[in-house]
Amino acid sequence: MIPHWRTRFNGQFTEERYRAFLRALEEMAGSQIEFRTCETPVFLPRALLHEMVESATAILAELDTDDYRRASNRALPPAFTAPHEGSHPDFVQVDFAITRDSEGELVPKLIELQACASLYAFQLMLPSVYRQFYDLGDLKTLIGGLTDEGYRDLLADIVLAGHASEHVVLMEIEPGLQKTLPDFVVTEKLLGIKTVCISEVIRRGSKLSYMNQGREVEIHRIYNRVIVDELVSKRIEYAFDFRDELEVEWAGHPNWFFRLSKFSLPFLKHSSVPRAWFLSELNEYPSDLEHFILKPLFSFAGSGVKVEITRADIDAVPEAERGEFLLQEKITYAPVIETPHDPSKVEVRIMFLWPKGAKRPRAVTTLTRLSKGLMLGVDFNKNKTWVGSSCSFFED
């Protein structure tokens, strides 16, 4: 989207260089990468990045109220509501589709927001591997003047919170099987913490522990990567209850995953936010249903979303479940990334860290996803190139 950088990058690209890039990425990550990493980064115009950061910050401010806190209590599943959630989340991501307005100008539109950890370690590493293979000049990837060292320190302050790394764990469900495993490995290298499957956490009274090289070690803080939807669907057994009073702190408290989520969309009034309603609050359907999608509130990775809907699809949602579904205005992604074949569409995730005691979160970096299909998921991009996960570079 910065034309001269796009031309410059595309002129350097070869398939051989891309394969070498993937090998170097896996070597640096210390793990096989199961998700598709795109051939190209995204070159974000400074004004567009600024607009997304400002919009995301304003959106989060709309939700940082006592009224929304009370309203979002309904989003918390009783079986997974943990005590001591704190006044704000540690991690927030706000996802924007890049669209064009009626005059052809680039405009970000909110797709989703979430208050759980994303690929914070992997996204620090990824730009450096692009730089190994392409001349990217003095373009930046960290927001607000952050250096790599400053980013690492900020992440460490939130994940470790002053605890010795031995007593902090990254907790996930079957981490060795997750596509995000490379991020876990890089996090271990960056912060010195271990990755532990939730089923392997040991409980002794109100304390939790894990086995480390044959020793049982107390857990004082959990870098939480567990998605409850997956925990339930896989029927994973584990030794503690999220509702318990445990002698452990959370980096990424479980409650915030539900409070800041698709559930938030009907409460937002920002100009970048599409119209959205809970089905339970709709007395009549919009006449132009072809411009809307139907999505469940707490599914993961886009599962259950219906893009082409009819009145029958909406009527089929049981009355008791209508509060758990959204009718949301469609967003049309613009094909803005020039590639050797068809242009790609792009979604930009603005990634925030929220330090303890800070009044507002800090935008730190981006994660981008490119697509040529109807949606951004893998199933819509099979056998396509210049799609997948990436990052943004931008001018200072």
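Provided above is the structure to which this section pertains.
Basis of the calculations
Residues numbered from 1 in each chain as written. Predicted model: local features only at pLDDT ≥ 70, side-chain atom pairs only at ≥ 80, totals over all residues. Heavy atoms only, no water. Helix = DSSP H or I, 4+ residues; strand = E, 2+ residues; numbered from the N terminus. Expected span 1.5 Å × (residues − 1). Buried < 20%, exposed > 50% of the residue type's maximum accessible area, 1.4 Å probe, protein only. Arc of directions from axis to C-beta. Contact = heavy atoms within 4.5 Å. 1 Å grid on protein atoms, 1.4 Å probe; cavity = no way out; pocket = protein on both sides within 12 Å on 5 of 7 lines; lining within 4 Å. Points joined across faces, edges and corners; volume = space filled by probe spheres on them. Nonpolar A, V, L, I, M, F, W, Y, C, P; charged D, E, K, R; others polar. Pairing = 2+ DSSP bridges. Axes fitted to C-alpha atoms, helices over the stretch in contact; angles between N-to-C directions. Parallel < 35°, antiparallel > 145°, perpendicular 65-115°, else oblique. Disulfide = S-S within 2.5 Å.

**Looking at helix α2 (residues 15-29)**
Helix length check: α2, at 15 residues, gives a terminal C-alpha distance of 21 Å against a target of 21 Å (1.5 Å per residue), a fit within 8%. Considered for burial, the residues of α2 that qualify are Y18, A20, F21, A24, L25 and A29. Relative to the axis of α2, the buried residues are bounded by an arc of 165 degrees and lie together on one face. What points out from α2, more than 90 degrees from its buried face, is the exposed set E16, R23 and E27. Where α2 is buried, its residues meet α5 (122-133) and α7 (181-191). Within two residues after α2, G30 carries a phi angle of roughly 70 degrees, on the positive side.

**Notes on empty space enclosed by the protein**
Taken as a whole and assessed by the stated rule, the structure comprises 1 cavity of 30 Å³ or more. Lining the largest cavity are D95, E347, V348, R349, L367 and R369. Its residues placed into classes, the lining of the largest cavity shows 2 nonpolar, no polar and 4 charged.

**Some points on the sheet that holds strand β16 (residues 388-390)**
As summarised here, the arrangement of the 5 strands in space is β3-β2-β14-β15-β16, forming an open sheet in which the pairing is antiparallel. Among the strands making up the open sheet, the edge pair consists of β3 (106-114) and β16. Geometrically, the sheet is characterised by an average inter-axis angle of 25 degrees between neighbouring strands, direction not taken into account. Bridge count for strand β2 (residues 91-100) against strand β14 (residues 345-353) is 7 bridges, and the pairing is antiparallel. Residue pairing in the sheet places Q93 in a bridge with M351 of β14. Running over the sheet, α5 touches β14, β15 (362-371) and β16 and is turned about 90 degrees from β16.

**Points about the sheet that holds strand β10 (residues 249-251)**
Strand order across the open sheet formed by 4 strands is β5-β4-β9-β10, with parallel pairing between neighbours. On the outer flanks of this sheet lie β5 (194-197) and β10, each paired with one strand and no other. The sheet shows a mean angle of 35 degrees between the axes of neighbouring strands, taken without regard to direction. Relative to β5, strand β4 (residues 168-172) runs parallel, the two being bridged by 4 bridges. Bridge pairing links V169 to K194 in β5.

**So, the pairing of β14**
Burial of β14 is extensive: 9 of the 9 residues sit out of reach of the surface. As judged from the 9 bridges shared by β14 and β15, these two strands associate in the antiparallel manner. Bridge pairing links R349 to L367 in β15.

**Here we look at the packing of α5 against α7**
Packed helix pairs are characterised by how far apart their axes lie and by the angle those axes make with each other. Direction vectors running N to C along α5 and α7 enclose 95 degrees, while the axes themselves pass 9 Å from each other. One finds that α5 runs roughly perpendicular with respect to α7. Residues F122, L124 and M125 of α5 form the contact with α7, whose participating residues are P182, D183, V186 and L190. When its residues are assigned to classes, the contact of α5 with α7 shows 6 nonpolar, no polar and 1 charged.

**A few points about the state of the cysteines**
The final tally for this structure, using the stated rule, is 0 disulfides. Of the cysteine sulfurs around C391, a residue in no disulfide, the closest is that of C38, at 9.9 Å. We classify C391 as buried; its relative accessible area is 1%.

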